[in-house]
Amino acid sequence: MNKDISSAVIRRMPRYYRYLGDLLDDGIERISSNELSRLMDVTASQIRQDLNNFGGFGQQGYGYNVQYLYEEIGKILGLDQTHNIIIIGAGNLGHALSNYVRFEKRGFLTIGIFDVNPALAGGHIRNVQIRMMDELPEFVKTHKVDIAAFTMPKEKAEECADLVVSLGIKAIWNFANVELDLPQDVTVENVHLSDSLMQLSYRIVQNRRNDR
């Protein structure tokens, strides 16, 4: 697939995947774009446009085969492959990510956890050893690392980003609440938890105003 896909479409694809998985769990074998639209609160036209970016997958008069569409979106999202993750920062958030079992079910395997606190050295989270940062270069040499998850304080993020990029890691999942200036061939997914909470706060305030 060589065509450029908008970031808005890409953001919606995991949501389609999640809803289709729920439909499979409920034993639903096929669904129309109109039915999916009512479930997801996305217009049927938008659904068809999004999926047409990748080939369509539906049949007129039949709709979508749920199992087939679920598998194809999984392939689009790369979920038919295994992605090895290291977590840098073994604090509360690092612990939470390491303990989230569903990541493994999607093919995201935590293979290493790193920190600078000597008191944590040799400990384990879900059978994954906590190592010190000075062990990272050798670890990357001997293990295939696809993604580095940053859960360290933001003051350390830039230095850490330069290090992992120099080691050849090309994808960063960044929870450090700082924008990283990195080469174009490095993919960064920024996760700002406070931004999400502020958006929720905005909607709460708007609903209260509308109720007056």
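Below, the structure is looked at part by part. (Residues numbered from 1 in each chain as written. Predicted model: local features only at pLDDT ≥ 70, side-chain atom pairs only at ≥ 80, totals over all residues. Heavy atoms only, no water.)

1. A closer look at the layout of surface pockets
Selection rule: A cavity, in this analysis, means grid points on a 1 Å lattice covering only the protein atoms where a 1.4 Å probe fits yet has no way out; a pocket is instead an open set bounded by protein on both sides within 12 Å along at least five of seven lines, and a residue lines either one if it has an atom within 4 Å of a point. Grid points are joined across faces, edges and corners, and a volume is the space filled by probe spheres set on the points. Each helix is a run of DSSP H or I of at least 4 residues and each strand a run of E of at least 2, with the numbering of both proceeding from the N terminus. Only Asp, Glu, Lys and Arg are considered charged, only Ala, Val, Leu, Ile, Met, Phe, Trp, Tyr, Cys and Pro nonpolar, and every remaining residue, Gly among them, polar.
The space that makes up the largest pocket amounts to roughly 1,500 Å³. Considering the residues around the largest pocket, the lining is formed by 29 residues, among which Pro14, Leu77, Phe108, Trp173 and Glu189 are closest to the centre. For the lining of the largest pocket, the secondary-structure elements that each account for two or more residues are helix H1 (7-25), strand S3 (83-88), helix H6 (102-105), strand S8 (171-174) and strand S9 (187-190). Partitioning the lining of the largest pocket into residue classes produces 20 nonpolar, three polar and six charged. The space that makes up the second largest pocket amounts to roughly 250 Å³. For the second largest pocket, the full set of lining residues is Ile88, Gly89, Phe114, Asp115, Val116, Met133, Met152, Pro153, Lys156, Glu159, Cys160 and Leu163. Listing elements by their share of the lining of the second largest pocket, those giving two or more residues are strand S4 (108-115) and helix H8 (157-166). In terms of residue count, H8 provides more of the lining of the second largest pocket than any other element does, three residues in total.

2. Observations regarding the sheet that holds S3
Here is the rule: Any two strands with at least two DSSP-identified bridges between them are counted as paired. Contact between two residues is taken to exist if any of their heavy atoms lie within 4.5 Å; hydrogens are not considered. Each axis is a line fitted through C-alpha atoms, taken for helices only over the stretch in contact, and angles between the N-to-C directions span 0 to 180 degrees.
With mixed pairing, seven strands are arranged side by side in an open sheet as S5-S6-S4-S3-S7-S8-S9. In the strand order of this sheet, the two ends are held by strand S5 (124-125) and S9, each with one partner. Across the face of the sheet, H8 comes into contact with S3, strand S7 (147-150) and S8 while running at roughly 170 degrees to S7.

3. Quick word on the side chain of asparagine 53
Rules: For the purposes of these results, a polar contact is taken to be a pair of N or O atoms within 3.5 Å, where, inside protein, one atom must be able to donate a hydrogen and its partner to accept one; residues adjacent in sequence count only when each atom of the pair is a side-chain atom.
Here asparagine 53 lies in the loop between helix H3 (44-52) and strand S2 (64-65). For asparagine 53, the side chain forms a polar contact with the main-chain oxygen of glutamine 49, separated by 3.0 Å.

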